[in-house]
Amino acid sequence: MTTILGLSGSLRQASFNAGLLRAAAAASPMANVVIGSIHDVPLYNADDEAAHGIPPAVQALKSSLLAADGLLLVTPEYNNGIPGVFKNAIDWMSRPANEIPRHFGGKPVALLGASPGGFGTVLSQNDWLPVLRTLGTRHWSAGRMLVARAGTVFDHDGNLTDEATLARLGDFMAGFAEFIES
Ligand SMILES: Cc1cc2nc3c(=O)[nH]c(=O)nc-3n(C[C@H](O)[C@H](O)[C@H](O)COP(=O)(O)O)c2cc1C
């Protein structure tokens, strides 16, 4: 079965994006979505890397990525761009640079995200594109999953409850799984 590593770019307990990732995993009978965590990833510091190498939390994410057929990035949007904690995690995962082709090269990647505003993370999803190109991934651009007005479709614990959004999510995940297998 196809395996997808899913990462949410929020550390918030009742995060809409973490909830969107849980819902994506539940809506993907055609794939095994493994939910990774960026919670223990430290701030990138080249001195720490030189002294101690890759931190265990990053090594675990890199191993999960290597074992996965695809990568799902569930991105919040901060100030019309990628939240720093999420970019920091991917930056760490891109170290050392000579391992980028093995981990990211040709890897199918899909972007989705949720925000309380009206545009559903469209700008942060766009902000990821040069990063994905730099890492040499195979970005899936056919599907779009922008969850706007998140306060109306998630409950207080960050669980996605809206049937129409869940149906859209199921179609999105099916499309991404097909892309991975193509
Ligand atoms: C520093 C900061 C900047 C934000 N900027 C945006 C923004 O540009 N666009 C947007 O849609 N939401 C923005 N928001 C609101 C977030 O979308 C909202 O906090 C959302 O709940 C974050 O995702 P999460 O629920 O997964 O943590 C911002 C929030 C913060 C804290």
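Residues numbered from 1 in each chain as written. Predicted model: local features only at pLDDT ≥ 70, side-chain atom pairs only at ≥ 80, totals over all residues. Heavy atoms only, no water.

1. Quick word on the packing of aromatic side chains
Argument step 1. Using the criterion set out here, one finds 6 aromatic pairs in the structure.
Argument step 2. Between Tyr 44 and Trp 92, the aromatic rings sit 4.7 Å apart at their centres with planes inclined by 70°, giving edge-to-face as the arrangement. Of the two residues, Tyr 44 sits in the loop between β2 (31–35) and α2 (46–52) while Trp 92 sits in helix α4 (residues 84–93), which places them 48 residues apart along the sequence.
Argument step 3. Connected via pairs of aromatic rings, a cluster forms that spans Trp 140, Phe 172, Phe 176 and Phe 179.
Argument step 4. If you follow Arg 12 out to its NZ or CZ, it ends over the ring of Phe 16, 5.1 Å from the centre. (Phe/Tyr/Trp six-rings, centres within 6.5 Å; stacked < 30°, edge-to-face > 60°. Helix = DSSP H or I, 4+ residues; strand = E, 2+ residues; numbered from the N terminus. Lys NZ or Arg CZ within 6 Å of the ring centre and 35° of its normal.)

2. Thoughts on the side chain of Asn 88
Argument step 1. Inspection of the secondary structure assignment puts Asn 88 in helix α4.
Argument step 2. With a relative accessible area of 12%, Asn 88 lands in the buried category.
Argument step 3. Apart from the residues within four sequence positions on either side, Asn 88 is in contact with Val 41, Pro 42, Leu 43 and Tyr 44. (Buried < 20%, exposed > 50% of the residue type's maximum accessible area, 1.4 Å probe, protein only. Contact = heavy atoms within 4.5 Å.)

3. Things to note about the pairing of strand β1 (residues 2–8)
Argument step 1. Of all 7 residues in β1, 7 are buried, a share of seventy percent or more.
Argument step 2. Every second residue of β1 is oriented toward a common face, with Thr 2, Ile 4, Gly 6 and Ser 8 on one face and Thr 3, Leu 5 and Leu 7 on the other, all of them buried.
Argument step 3. Taking the sense of rotation as the criterion, the β-α-β connection linking β1, helix α1 (residues 16–26) and β2 turns out right-handed.
Argument step 4. Where β1 meets strand β3 (residues 70–74), 5 bridges bridge the pair, whose relative direction is parallel. Residue Ile 4 lies in a different strand from β3, and its bridge partner there is Gly 70. (Right-handed = clockwise from strand over helix to strand, strands pointing away. Pairing = 2+ DSSP bridges.)

4. Considerations on the site of the ligand
Argument step 1. Every residue near the ligand is listed here: Ser 10, Arg 12, Ser 15, Phe 16, Asn 17, Pro 76, Glu 77, Tyr 78, Asn 79, Asn 80, Ser 115 and Pro 116.
Argument step 2. Within the backbone of Asn 79, a nitrogen or oxygen atom sits 2.7 Å from a nitrogen atom of the ligand.
Argument step 3. A distance of 2.7 Å separates an oxygen atom of the ligand from a polar atom in the backbone of Asn 80.
Argument step 4. A total of 610 Å² of accessible area belongs to the ligand in isolation, and the protein chains cover 69% of it.
Argument step 5. Class assignment for the residues of the shell around the ligand results in 4 nonpolar, 6 polar and 2 charged. (Near = heavy atom within 4 Å. Polar contact = N/O pair within 3.5 Å; in protein donor to acceptor, adjacent residues only side chain to side chain. Areas by Shrake-Rupley, 256 points an atom, 1.4 Å probe, with all protein chains shown as cover. Nonpolar A, V, L, I, M, F, W, Y, C, P; charged D, E, K, R; others polar.)

5. Description of the pairing of strand β4 (residues 108–114)
Argument step 1. Burial of β4 is extensive: 7 of the 7 residues sit out of reach of the surface.
Argument step 2. What you see with β4 is no split at all: Pro 108, Ala 110, Leu 112 and Ala 114 on one side and Val 109, Leu 111 and Gly 113 on the other are buried throughout.
Argument step 3. Where β3 and β4 come together, 4 bridges link them in parallel fashion. Bridge assignment links Leu 71 to a residue of β4, and that residue is Val 109.
Argument step 4. Where β4 meets strand β5 (residues 138–139), 2 bridges bridge the pair, whose relative direction is parallel. Within β5, the residue paired with Val 109 across the bridge is His 139.
Argument step 5. Alignment of β4 against strand β6 (residues 146–147), held across 2 bridges, turns out to be parallel. When the sheet's bridge partners are listed, Gly 113 is paired in β6 with Leu 146.

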